[in-house]
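Descriptive analysis of the structure
Each chain is listed here by its residues.
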Amino acid sequence: MNSTPAPAASATPIEVARHFVCARLNARALAGYPGPLPGSLDEAYARQDAAIELWPDRVVGWKVGKIPSGWAEVVGEERLVGPIFAAHVQPQVSGQSLVIAVIDGGFAAVEAEYIFVLGDSAAPGKIDWTPEEAAGCVAELRIGIEFAGSPLATINHLGPAVVVSDFGNNAGLLLGPVVSDWRAQALDSLRCETFVGGRLVGRGGAASISGGPLAALAFALNRCARRGRPLHAGDVVSTGASTGIHDIRIGEQARVEFAGGVVLHCVAERAEPRGLLPRDGRLC
């Protein structure tokens, strides 16, 4: 395992962002957080914004994560968001295990997800979405698996602001089939189980998501609008870890069994350098 040493404890948002972006592009773990820890969620989102501008791909959606109650009281919010990039979205292929690329020495986990696909763009300037209003933007609800991944192994232990600063700890989304008639179904009927290495590691479903998936979507609409990043038609929004966050190691397989008999499979493989430069063209 190769890792990049942490820099001195003084760094601007763009410097922190460059460390994370370069580590991801070169599949290299970070030995520690690349600079002083963000002191607030707003500072963390500034670093995330800087990283989005450096990442050589376009944003096609957002992951929503629940902030644990102890941390939520400290940072003042119950959820966080991170970008999902076009090349990180993999559609389900029948009968195949989709590949998730794990940085050796970094963090890697799988999460069973309920994922909205938007049919309408958010109204410009609107920052007070309710779950009921958010439902009006939805074209589809799909099932899937979020791959939570970072070059920083301790990312979750360092708190939600650190998670936010590195793309919300997102590294991919496996997009499964549409949930038919989801508006007419009770939340507790949308259930799933997650297995890693053949072992059951979590049970839950849409009702396990605090306030339900539409509450998570409303948060994403509001938080992104306040940052000047309103959501657009066609965006995907993964609404939260419905069975928990489950660590996965290189070589392990995972599957999620959803109500209705749909099963999604993925396998963790060692990440390789992408051969890409940050968007500004500077060498890492």
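Predicted, not measured: the structure shown is a model, and the values here were computed from it. (Residues numbered from 1 in each chain as written. Predicted model: local features only at pLDDT ≥ 70, side-chain atom pairs only at ≥ 80, totals over all residues. Heavy atoms only, no water.)

**Considering the overall build of the protein**
When its secondary structure is counted, the protein shows six helices and 15 strands. Over its C-alpha atoms the protein spans a radius of gyration of 18 Å, differing by no more than 12% from the 19 Å that the globule rule assigns to 284 residues. Counting over 284 residues, the protein shows a buried share of 52%. Here the contacts in the protein between residues at least 6 apart in sequence split such that 78% fall between residues at least 24 apart. Accessible surface, the protein as shown: approximately 12,000 Å² in total, 51% of it carbon and sulfur. Measuring between centres, the 24 positive side-chain charges of the protein sit 3 Å from its 29 negative side-chain charges. (Helix = DSSP H or I, 4+ residues; strand = E, 2+ residues; numbered from the N terminus. Rg over C-alpha atoms; globule rule 2.2 N^0.38 Å. Buried < 20%, exposed > 50% of the residue type's maximum accessible area, 1.4 Å probe, protein only. Contact = heavy atoms within 4.5 Å. Areas by Shrake-Rupley, 256 points an atom, 1.4 Å probe, with all protein chains shown as cover. Lys, Arg positive; Asp, Glu negative; His and termini not counted. Charge placed at Lys NZ, Arg CZ, Asp CG, Glu CD.)

**Focus: the packing of helix α1 (residues 13-25) against helix α2 (residues 41-54)**
Contact geometry for α1 and α2: axes closest at 8 Å, N-to-C directions at 55°. The angle between the axes of α1 and α2 places the two elements in the oblique class. When the axes of α1 and α2 are compared, the crossing they make is right-handed. Here Pro13, Ile14, Val16, Ala17, Arg18 and Val21 of α1 lie close against α2, whose contacting residues are Ala46, Arg47, Ala50, Ala51 and Leu54. (Axes fitted to C-alpha atoms, helices over the stretch in contact; angles between N-to-C directions. Parallel < 35°, antiparallel > 145°, perpendicular 65-115°, else oblique. Left-handed = near helix turned anticlockwise from the far one by under 90°.)

**With respect to helix α6 (residues 213-226)**
For α6, built from 14 residues, the straight-helix expectation of 20 Å at 1.5 Å per residue is met to within 8% by its first-to-last C-alpha distance of 20 Å. Burial of α6 is extensive: twelve of the 14 residues sit out of reach of the surface. (Expected span 1.5 Å × (residues − 1).)

**Regarding the state of the cysteines**
Enumeration according to the criterion identifies one disulfide in this entry. A disulfide bridge connects cysteine 22 with cysteine 284, and the sulfur atoms are separated by 2.1 Å. Looking along the S-S bond of the cysteine 22-cysteine 284 disulfide, the torsion reads about -80°, which is the left-handed sense. One end of the pair, cysteine 22, is in helix α1; the other, cysteine 284, is in the segment after β15 (262-270), and 262 residues separate them in sequence. A relative accessible area of 11% places cysteine 22 in the buried class. We note that cysteine 137 lacks a disulfide partner, and the nearest cysteine sulfur, in cysteine 224, lies 13 Å from it. For cysteine 137, a relative accessible area of 5% translates into the label buried. The thiol of cysteine 266 is not disulfide-bonded; the next cysteine sulfur, from cysteine 192, is found 13 Å away. Judged by its relative accessible area of 0%, cysteine 266 falls in the buried class. (Disulfide = S-S within 2.5 Å.)

**Regarding the sheet that holds strand β6 (residues 98-102)**
Pairing is mixed in the open sheet, where five strands are placed in the order β6-β15-β14-β10-β11. Of all the strands in the sheet, just β6 and β11 (199-205) have a single pairing partner and so form its edges. Ignoring which end each strand starts from, the neighbouring axes of this sheet average 20° apart. Examined bridge by bridge, β6 and β15 share five bridges and lie parallel to one another. Across the sheet, the residue bridging to alanine 101 is glutamate 269, located in β15. (Pairing = 2+ DSSP bridges.)

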